[in-house]
Amino acid sequence: RAKFSGKQCLAVFDHAMHESVLKRLELEEALRTVLKDGGLRLVYQPIFDIETGVIVGLESLVRWDHATKGLISPAEFVPVAEEIGLIVPIGRWILEEACRTIHRLNEARGDGPPISIGVNVSKRQLADANFVDLLKDVLETENVSPNQLNLEITESMIMDSPEQIVDCLSEIRNLGIRLHMDDFGTGHSSLSCLHRFPIDVLKIDRSFVSTMEVGDDYESIIHAIITLAHNLDTKVIAEGIETTRQLQQLRDLKCDFGQGYLYSKPEPIEDLQELLSAIVNRPRQDPQFGFASI
Ligand code: C2E
Ligand code: MG
Ligand code: MG
Ligand code: MG
């Protein structure tokens, strides 16, 4: 016997719908003024050379501290910003802020090696006709060399519209900016397509890394990805390393670089100073550490 009459069910459903529509509208409203309100900040997750344990770069990740809602995840608000077109101005601010950080790190590093920072870019930004000019503009204004900036793009972003996007990516790469393919393995692309994309580094998605301990099959998949990437002269970063066991497995598979909670969570740049100073004070050519920036 049904507990509610049809009418009551509809009322409950209506209420839930109403709530979620309201929540979405509120989010959109808040997003429209987020830059003016200064609600965004960047945190940075170090990326390490798996063999030597030396930091080779940082990935920037955006955070939104909302006055009343608290911390809102980029997984929640970036897709909304993308849908309503706000990702273009927000993405510009993210690029500027990351470049300001690169500049500040350069000022502080003395003779140490330059550190590169990766910035996540969304599809709408890449599709914007002015994106390449914007990149040039930001690098020039913030006085940053293109080879210290990496852009992270996902596999699915390029699979959908290959030709047009590949041209744009080549142009970006010709500026000296390096391209990292993010979340590799989640976008249903064929491994055999990989050679068509002008990328420098491939990032294996966390979902693969986390299942690696579970069974040999997953380890074989990662092994295949790493081997193929190396054959194409592409370096590999493993995302989301959480256990020493995973790290050891990746080391055995000759994965080049890694990031994850085992090494460090994403942190405000001030909180990474100690970690960073360990490398900036190291001689650039110290063979013991073999520093290579990604
Ligand atoms: P992503 O680029 O693949 O970033 C990796 C995500 O995994 C980050 O989540 C990071 O905090 C998290 N992570 C890193 N190591 C570990 C680990 O060991 N364990 C676990 N469980 N998680 C780990 P976050 O910061 O919440 O970002 C989520 C996604 O939002 C990013 O995925 C990226 O797609 C997007 N995003 C973040 N920042 C930006 C940005 O500035 N611009 C754009 N367009 N998208 C961004
Ligand atoms: Mg990323
Ligand atoms: Mg990723
Ligand atoms: Mg990922």
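The following refers to the structure shown. (Residues numbered from 1 in each chain as written. Chains lettered and ligands numbered in written order. Predicted model: local features only at pLDDT ≥ 70, side-chain atom pairs only at ≥ 80, totals over all residues. Heavy atoms only, no water.)

Look at helix α4 (residues 87-108) against helix α6 (residues 131-142): their axes get within 9 Å of each other, and the N-to-C directions meet at 35°. The crossing of α4 and α6 is right-handed. For the pair α4 and α6, the contacting residues are Arg92, Leu95, Glu96, Cys99, Arg100 and His103 in the first and Phe131, Leu134, Leu135, Asp137, Val138, Leu139 and Glu142 in the second. Looking at the contact of α4 with α6, its residues break down into seven nonpolar, one polar and five charged. (Axes fitted to C-alpha atoms, helices over the stretch in contact; angles between N-to-C directions. Helix = DSSP H or I, 4+ residues; strand = E, 2+ residues; numbered from the N terminus. Left-handed = near helix turned anticlockwise from the far one by under 90°. Contact = heavy atoms within 4.5 Å. Nonpolar A, V, L, I, M, F, W, Y, C, P; charged D, E, K, R; others polar.)

We now examine the packing of aromatic side chains. This structure, assessed with the given rule, holds two aromatic pairs. Plain terms: the ring middles of Phe48 and Tyr263 are 4.2 Å apart, the flat faces sit at 15° to each other, and that makes the pair stacked. Of this pair, Phe48 sits in strand β1 (residues 40-49) while Tyr263 sits in the loop between β9 (257-258) and α12 (273-280), placing them 215 residues apart in sequence. Taking the relative accessible area as the measure of exposure, Phe48 reaches 7% and is therefore buried. Overall, the relative accessible area of 23% leaves Tyr263 in the partly exposed class. The ring centre of Tyr261 lies 4.6 Å from the NZ or CZ of Lys265, which sits over that ring. (Phe/Tyr/Trp six-rings, centres within 6.5 Å; stacked < 30°, edge-to-face > 60°. Buried < 20%, exposed > 50% of the residue type's maximum accessible area, 1.4 Å probe, protein only. Lys NZ or Arg CZ within 6 Å of the ring centre and 35° of its normal.)

Attention now moves to a nonpolar patch on the surface. Judged by side-chain polarity, Val214, Tyr218 and Ile221 come together as a nonpolar surface patch covering roughly 280 Å² of accessible area. Checked against the element boundaries, Tyr218 lands in helix α10 (residues 216-231). (Patch = residues over 30% accessible without salt bridge, like charges linked within 9 Å, V, L, I, M, F, W, Y side chains within 5 Å. Areas by Shrake-Rupley, 256 points an atom, 1.4 Å probe, with all protein chains shown as cover. Salt bridge = Lys/Arg side-chain N within 4 Å of Asp/Glu carboxyl O.)

Right, let's get into the environment of His180. Within the fold, His180 resides in strand β6 (residues 178-184). Exposure remark for His180: the relative accessible area of 0% places this residue in the buried category. In the structure, His180 is positioned 20 residues away from Asp200 in sequence and 6.0 Å away in space, judged by C-alpha atoms. Every residue in contact with His180, bar those within four places of it in the chain, is listed here: Asn150, Leu151, Glu152, Ile153, Val201, Lys203, Ile237 and Ile294.

Our focus in this paragraph is the side chain of Gln249. Secondary-structure assignment places Gln249 in helix α11 (residues 244-252). Judged by relative accessible area, Gln249 falls into the buried class, the value being 6%. Excluding residues that lie within four positions of it along the chain, Gln249 makes contacts with Met212, Glu213 and Glu219.

Distances from the magnesium ion (ligand 4) to its protein donors, Asp183 (OD) and Asp205 (OD), fall at 2.4 to 2.6 Å. Here Asp183 falls in the partly exposed class, since its relative accessible area comes to 25%. (Donors = N, O, S within 2.8 Å, 3.2 Å for Na, K, Ca; no water.)

Listed in full, the buried residues belonging to helix α3 (residues 74-83) are Phe77, Val80 and Ala81. Here the buried residues of α3 occupy an arc of 100° about the axis, which is enough to place them on one side. Pointing more than 90 degrees away from the buried face of α3 are the exposed residues Ala75 and Glu83. Among the residues of α3, the N-terminal cap falls to Ser73, whose side-chain oxygen and the backbone nitrogen of Ala75 are separated by 3.0 Å. Following α3 by one or two positions, Gly85 adopts a phi angle in the positive range, close to 80°. (Arc of directions from axis to C-beta. Polar contact = N/O pair within 3.5 Å; in protein donor to acceptor, adjacent residues only side chain to side chain.)

Bringing the coordination of the magnesium ion (ligand 2) into the picture now. Ideal geometry at a metal centre: 109.5 degrees between donors when four sit tetrahedrally, and 90 or 180 degrees when six sit octahedrally. Those protein atoms acting as donors to the magnesium ion (ligand 2) are Glu59 (OE), Asn120 (OD1), Glu152 (OE) and Asp182 (OD), and they sit at 2.0 to 2.2 Å. Considered as a linear motif, the donors of the magnesium ion (ligand 2) on their single chain read E-x60-N-x31-E-x29-D. The distance between the magnesium ion (ligand 2) and the magnesium ion (ligand 3) comes to 3.7 Å, and Asp182 binds to both of them. One end of the pair, Glu152, is in strand β5 (residues 149-154); the other, Asp182, is in strand β6, and 30 residues separate them in sequence. Classification of Glu152 as buried rests on a relative accessible area of 1%. Using a relative accessible area of 5% as the deciding quantity, one classes Asp182 as buried.

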